[in-house]
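One letter stands for each residue in the lines below.
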Amino acid sequence: MSAPDTLHSQLEAMRPMLVRFAQLQLRNQALAEDAVQDALLAVLEHPDRFAGASTLRTYVTGVLKYKIIDVLRAATRERQLEPDEGQTEDEAIDSLFAADGHTNEMPREWGRPDATLQQKDFFRILEACLEKLPAKTARVFMMREWLELETEEICKELAISSSNAWVLLYRARMRLRECLDLNWFGK
Amino acid sequence: MDKLKPTCREVHRLVSEGMDRDLSLVERTRMRLHLVVCDACTRFSGQMDLLRKAMRGFPTDDTK
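Residues numbered from 1 in each chain as written. Chains lettered and ligands numbered in written order. Predicted model: local features only at pLDDT ≥ 70, side-chain atom pairs only at ≥ 80, totals over all residues.

**Side note on the overall build of chain A**
Now for step 1: Counting secondary structure elements, chain A contains nine helices and zero strands.
Now for step 2: The order of α-helices and β-strands along chain A, N terminus first, is α-α-α-α-α-α-α-α-α.
Now for step 3: Looking at chain A alone, contacts between residues at least 24 apart form 67% of all its contacts between residues at least 6 apart. (Helix = DSSP H or I, 4+ residues; strand = E, 2+ residues; numbered from the N terminus. Contact = placed C-beta atoms within 7 Å.)

Written out as C-alpha cells, the structure reads:
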C-alpha cells in the first residue's frame, strides 16, 4: 500500500502543470480544470494501478490524455466553426522559400537532439511557442503529437478533411520550428 | 513544378506529411533523392524529428 497522503500531495503539486497542458490542448480553462480533476481522482481511486511501472508524472499524464480525449469527443456537438487562419499562415510559409522553391535561408544547426531534450528550459520555450499558435492549428497539432492520435481520428473529431489536417500540421510544425529556432537555438 | 527534381518547398511538405500518413512510393523516392543532396532539407527533417520527440516527452519535471 502506498501512503495516500503522500500520493495526494504529489498529485496536488502536479496540478498546475497538468492544467497548463490541458489548457494548451483544450483552449478552455474550465474544461482543462475539469479534465485534470477527473484524471487526479481516477489516480487517487486506484492508486494500485500505478505500480511503479513508470514515474508518477508519466502515469498521471497518460490518464490525463485519456480524459482530454473524452472531453474532445464530448465537445464535438458544441464546437463552433473557427475563422480560417489560413491566409496569413500560408503567406508566412511562402516567405521562407524563394520563387524557385529553395529555402531562403539555410536552417541553423540545432546541435545534438539528446542534449537538447535534457534541458528543462528547452521545454519551457517549446511550451511558450505552443501557446502562440493559433487555436485551431494548436488543437490539431497537440492531438497529433501530444495525444498521439492518428490523423483519421483527428479528422473525425474535428470534422475536417485529411488534407486540411495535413496542412494544419505542416503549418504548426513550420511555426514551431521558427519559434524554437529564434528563441532557443538562436540565443 | 519540375517533374524530375522536387524543390525544398515540396520536400519540406513531404517531410511533414510523412509524419502523418504513408507517403506513396513516388513521394518517398522524390523526398529521399532530394534529401541526399540537400543539407537544408536534411536539417529540417532532423528538426522535425526532434520536435516530435520533444512533444512526446511533455510534460517534463518542472513542478518547482
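**With respect to the interface of chain A and chain B**
Now for step 1: Facing the 32 residues of chain A at the interface are 28 residues of chain B.
Now for step 2: Put simply, the parts of the chain that give the side of chain A that touches chain B at least two residues each are helix 1 (4–26), helix 3 (56–74), helix 5 (113–116), helix 6 (120–132), helix 7 (135–145) and helix 9 (162–185) of chain A.
Now for step 3: For the side of chain A that touches chain B, the leading source of residues is helix 9 of chain A, giving six residues.
Now for step 4: For the side of chain A that touches chain B, the class distribution of residues is 17 nonpolar, six polar and nine charged. (Nonpolar A, V, L, I, M, F, W, Y, C, P; charged D, E, K, R; others polar.)

**Here we look at unusual backbone geometry**
Residues and elements named next belong to chain A.
Now for step 1: A positive phi angle, near 55°, is found at Arg27, a position not held by glycine.
Now for step 2: Note on Arg27: 16 C-beta atoms within 10 Å, which makes it partly exposed.
Now for step 3: Residues other than glycine seldom take positive phi values, yet Glu148 does so here, at roughly 60°.
Now for step 4: By C-beta crowding, Glu148 is classed as exposed, having 11 other C-beta atoms within 10 Å. (Buried ≥ 20, exposed ≤ 12 C-beta atoms within 10 Å, placed from the backbone.)

**Structural notes on helix 7 of chain A**
Now for step 1: In terms of burial, helix 7 of chain A is largely enclosed, as 10 of its 11 residues are buried.
Now for step 2: Residues of helix 7 of chain A that are buried include every one of A:Lys136, A:Thr137, A:Ala138, A:Arg139, A:Val140, A:Phe141, A:Met142, A:Met143, A:Arg144 and A:Glu145, and no others.

**Here we look at helix 1 (residues 8–17) of chain B**
Now for step 1: A large share of helix 1 of chain B lies buried, amounting to seven of its 10 residues.
Now for step 2: Every buried residue of helix 1 of chain B is listed here: B:Cys8, B:Val11, B:His12, B:Leu14, B:Val15, B:Ser16 and B:Glu17.
Now for step 3: Looking at the buried residues of helix 1 of chain B, the elements they touch are helix 9 of chain A together with helix 2 (25–37) and helix 3 (39–56) of chain B.

**Quick word on the nonpolar core**
Now for step 1: A:Leu18, A:Ala22, A:Ala39 and A:Leu64 are the most contacted members of the largest nonpolar core, which has 42 residues in total.
Now for step 2: If you list the elements that add at least two residues to this core, you get helix 1, helix 2 (29–45), helix 3, helix 6, helix 7 and helix 9 of chain A together with helix 3 of chain B.
Now for step 3: Tallying contributions element by element places helix 9 of chain A first for this core, with nine residues.
Now for step 4: Residue contributions to this core reach at least three from each of two domains, namely domain 1 (4–74) and domain 2 (86–185) of chain A. (Core = buried A, V, L, I, M, F, W, Y, C linked by C-beta atoms within 7 Å. Domains from an automatic or database assignment.)

**What to know about the domain arrangement of chain A**
When the parts come together, some accessible area is lost, and that loss is often what is quoted as the size of the interface.
Residues and elements named next belong to chain A.
Now for step 1: Split into domains, chain A comes out as domain 1 (4–74) and domain 2 (86–185).
Now for step 2: Computed from C-alpha coordinates alone, the two centres of domain 1 and domain 2 are separated by 25 Å.
Now for step 3: Across the boundary between the two partners, domain 1 contributes eight residues, which contact nine residues of domain 2.
Now for step 4: The dominant element in the side of domain 1 that touches domain 2, judged by the number of residues it contributes, is helix 3, at five residues.
Now for step 5: Here the side of domain 1 that touches domain 2 is composed, by residue class, of four nonpolar, one polar and three charged.

**Topic: the packing of helix 2 of chain A against helix 3 of chain A**
Residue and element names in this part refer to chain A.
Now for step 1: The interhelical angle for the contact between helix 2 and helix 3, taken along N-to-C directions, is 130°, at an axis separation of 9 Å. Relative to helix 3, helix 2 is oriented oblique. Regarding helix 2 and helix 3, the two cross each other, and that crossing is right-handed. Contact residues: helix 2 offers Leu31, Ala35, Val36, Asp38, Ala39, Ala42 and Val43, while helix 3 offers Val60, Val63, Leu64, Lys67, Ile68 and Val71.
Now for step 2: Taken together, the residues of the contact of helix 2 with helix 3 sort by class into 11 nonpolar, no polar and two charged. (Axes fitted to C-alpha atoms, helices over the stretch in contact; angles between N-to-C directions. Parallel < 35°, antiparallel > 145°, perpendicular 65-115°, else oblique. Left-handed = near helix turned anticlockwise from the far one by under 90°.)

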